[in-house]
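Close look at the chain arrangement
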Amino acid sequence: MKLTLQHEQQAVTCDTRNASSIAITLDFSGPQPNHFGTEQAKEVVLKLGSFTGDTSVGGSCNVDTLSMIPHCNGTHTETISHIVNEDIWIGHAAMDSLMVAVLISVRPVPVSRLSIAEKKEVYRPQLDADDQVVTAKMLESGFKQVSLEDTKPTALVIRTLPNDADKKTRAYGEKFSPAFFTVDAMQSIIDAGVQHLLVDLPSVDRMYDDGLLTNHHLFWNVPEETHSVAADSRQDKTITEMVYVDDDLKDGLYVLNLQIPAFGSDAAPSRPMLFPATFESE
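A brief look at the structure comes next. Numbering of residues starts from 1 in every chain and runs along the sequence as written. Restriction of local features to residues with pLDDT of at least 70 applies here, the model being predicted, together with a cutoff of 80 or more for giving and counting side-chain atom pairs; totals for whole chains, interfaces and linings are based on all residues. Only hydrogens and water are set aside when side-chain values are computed; all heavy atoms of the structure are taken into account.

In DSSP terms, a helix is any run of H or I states spanning at least four residues, a strand is any run of E spanning at least two, and both are numbered starting from the N terminus. Looking only at helices and strands, the protein features 4 helices and 20 strands. For every residue, the accessible area obtained with a 1.4 Å probe (protein chains only) is divided by the maximum for its type, and the residue is called buried under 20%, exposed over 50%, and partly exposed between those limits. Counting across all 282 residues of the protein, residues that qualify as buried make up 48%. Any pair of residues with heavy atoms lying within 4.5 Å of one another is described as a contacting pair. Of the contacts formed within the protein by residues at least 6 apart in sequence, a portion of 72% connects residues at least 24 apart. Using a 1.4 Å probe, accessible areas were evaluated by the Shrake-Rupley method; residue-level cover was limited to the displayed protein chains. As displayed, the protein offers around 13,900 Å² of accessible surface, 49% of which is attributable to carbon and sulfur atoms. Neither His nor the chain ends is counted toward charge; the positive residues are Lys and Arg and the negative residues Asp and Glu. Charged groups are reduced to one reference atom each: NZ for lysine, CZ for arginine, CG for aspartic acid, CD for glutamic acid. Averaged over its 22 positive side-chain charges, the protein has a centre that lies 6 Å from the centre of its 40 negative ones.

Summarising burial for strand β10 (residues 99-106): 8 of the 8 residues are buried, a large majority. The alternating pattern of β10 places M99, A101, L103 and S105 and V100, V102, I104 and V106 on opposite faces, both of which are buried. A pair of strands is labelled paired if DSSP reports no fewer than 2 bridges between them. As defined by bridge partners, β10 adjoins strand β18 (residues 252-259) across 5 bridges and the pair is classed as antiparallel. Across the sheet, the residue bridging to L103 is G252, located in β18. Two strands pair when backbone bridges link them, and β10 and strand β13 (residues 155-160) are joined in this way by 6 bridges, in the parallel orientation. Note on β13: the bridge partner recorded for A101 is A155.

So, on to the packing of aromatic side chains. Each aromatic pair joins two rings of Phe, Tyr and Trp (for Trp, the six-membered one) with centres within 6.5 Å, and gets the label stacked for planes under 30 degrees apart, edge-to-face for over 60, and tilted for any other angle. Inspection of every chain in the model, using the stated rule, returns 4 aromatic pairs. Only when the NZ of Lys or the CZ of Arg is both within 6 Å of the ring centre and within 35 degrees of the ring normal is a charge said to sit over the ring. It is K237 that lies over the ring of F219; its NZ or CZ is 3.9 Å from the centre.

Before going further, it helps to examine the nonpolar core. One broad trend across soluble globular proteins is that nonpolar side chains are buried collectively. Each nonpolar core is a collection of buried residues, namely Ala, Val, Leu, Ile, Met, Phe, Trp, Tyr and Cys, held together in the definition by side-chain atoms within 4.5 Å. Core analysis: the biggest nonpolar cluster contains 46 residues, and I104, L139, L156, I158, F181, I189 and L197 have the highest contact counts within it. Dropping the residues within four chain positions of it, L156 is found in contact with V102, I104, F143, L148, I189, V194, H196, L197 and L198. Judged by nonpolar contacts, the second largest core, of 14 residues, contains A101, L103, V243 and V245.

Quick look at helix α3 (residues 183-191) now. One turn of an α-helix holds 3.6 residues; hence residues three or four places apart share an orientation. All of the buried residues along α3 are V183, A185, M186, S188 and I189. On its buried face, α3 sits against β12 (132-134), α1 (136-145), β13, β15 (180-181), β16 (196-199) and α4 (214-220). In the segment just after α3, G193 is the residue with positive phi, at about 80 degrees.

Another aspect to go through is the packing of α1 against α3. Helix axes use the C-alpha atoms of the stretch in contact, all axes being lines fitted to C-alpha atoms, and the angles between their N-to-C directions lie in the range 0 to 180 degrees. One can describe the packing of α1 onto α3 by two numbers: an axis separation of 7 Å at closest approach and a directional angle of 30 degrees. In this structure, α1 uses A136, L139, E140 and F143 to contact α3, whose residues at the interface are D184, A185, S188 and I189. In this classification, Asp, Glu, Lys and Arg are treated as charged, Ala, Val, Leu, Ile, Met, Phe, Trp, Tyr, Cys and Pro as nonpolar, and every other residue, Gly included, as polar. A class-by-class count of the residues in the contact of α1 with α3 yields 5 nonpolar, 1 polar and 2 charged.

Moving on, we come to the pattern of salt bridges. Definition used for salt bridges: Asp or Glu carboxyl oxygen within 4 Å of a side-chain nitrogen of Lys or Arg. Tallying each qualifying case throughout the model produces 9 salt bridges. Two residues, E39 and K42, come together in a salt bridge whose shortest N-O distance is 3.9 Å. What makes K42 partly exposed here is its relative accessible area of 41%. A salt bridge links D166 to R170; the shortest N-O distance between them is 2.5 Å. Relative accessible area serves as the criterion here: at 13%, R170 is assigned to the buried category. Because the salt bridges share partners, they merge into one network encompassing D128, D131 and R206.

Another point: the side chain of N163. Looking at the secondary structure, you find N163 in the loop between β13 and β14 (171-172). Contacts of N163, omitting those with residues within four sequence positions, involve D200, Y244, V245, D246 and D247.

Next comes the structure, spelled out in structure tokens:
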């Protein structure tokens with residue numbers, strides 16, 4: 001099906017037959033990604049009285065109980081409620097079912113290898129020499145490649161390089177600390193007007209950051225070291241983490257369908273779908 005969307009006074013077209021999921025398939029009984037050393041997601045056959053939810057042992061149908069931690073067990077989308085006291089459920093998050101997105105690729109580097117200009121970028125708490133970071137300069141270079149200033153996308157998808165397939169099953173913890181964004185990088189995303197941010201990292205913040213979650217607070221405009229929604233906080237924005245963007249998808253313009261279940265929670269597993277898109281000529 002060919003669709004045409006109106007975006008920033010321009011027509012954007014896409015073909016739904018060319019859809020690509022950038023969600024990591026969660027295998028409940030096999031290898032799966034993990035963040036922060038949490039328990040693996042699990043499935044357990046339901047047993048109630050004489051009923052067994054397993055056809056292989058004589059049950060009439062298959063019924064499993066699934067347990068998971070959305071923030072740690074795979075691709076998930078979260079709302080401002082991740083860092084505030086108020087309940088702002090992911091199932092009620094304000095978003096278009098289809099939105100214009102751009103995909104860019106960046107290569108995080110250790111702080112010790114940053115350019116002189118990039119070394120001026122900051123994070124709270126203070127950066128360590130071996131921290132792997134995404135900087136504002138890296139993002140701005142990617143923005144130029146996709147003409148972001150002209151596109152003005154609603155969503156931004158960031159793929160980090162190298163793009164190894166083991167991201168789909170990688171365990172992030174003390175032995176493998178993931179990259180994260182400098183405060184300057186997050187500010188450049190905000191300045192670009194991004195409403196929905198999607199990254200292939202387990203968090204936009206450092207894993208062990210003294211509980212500050214500086215970039216989360218900045219993105220949703222919640223004062224640091226507070227946990228209440230302010231009058232100008234951005235309840236309409238979401239962050240999606242732990243996606244996987246296949247190398248076949250090139251940097252550029254897409255239409256995004258961010259599929260989220262109606263959970264009464266701050267976060268839920270999600271299935272972002274990308275459709276290659278073009279601006280129609282006038």
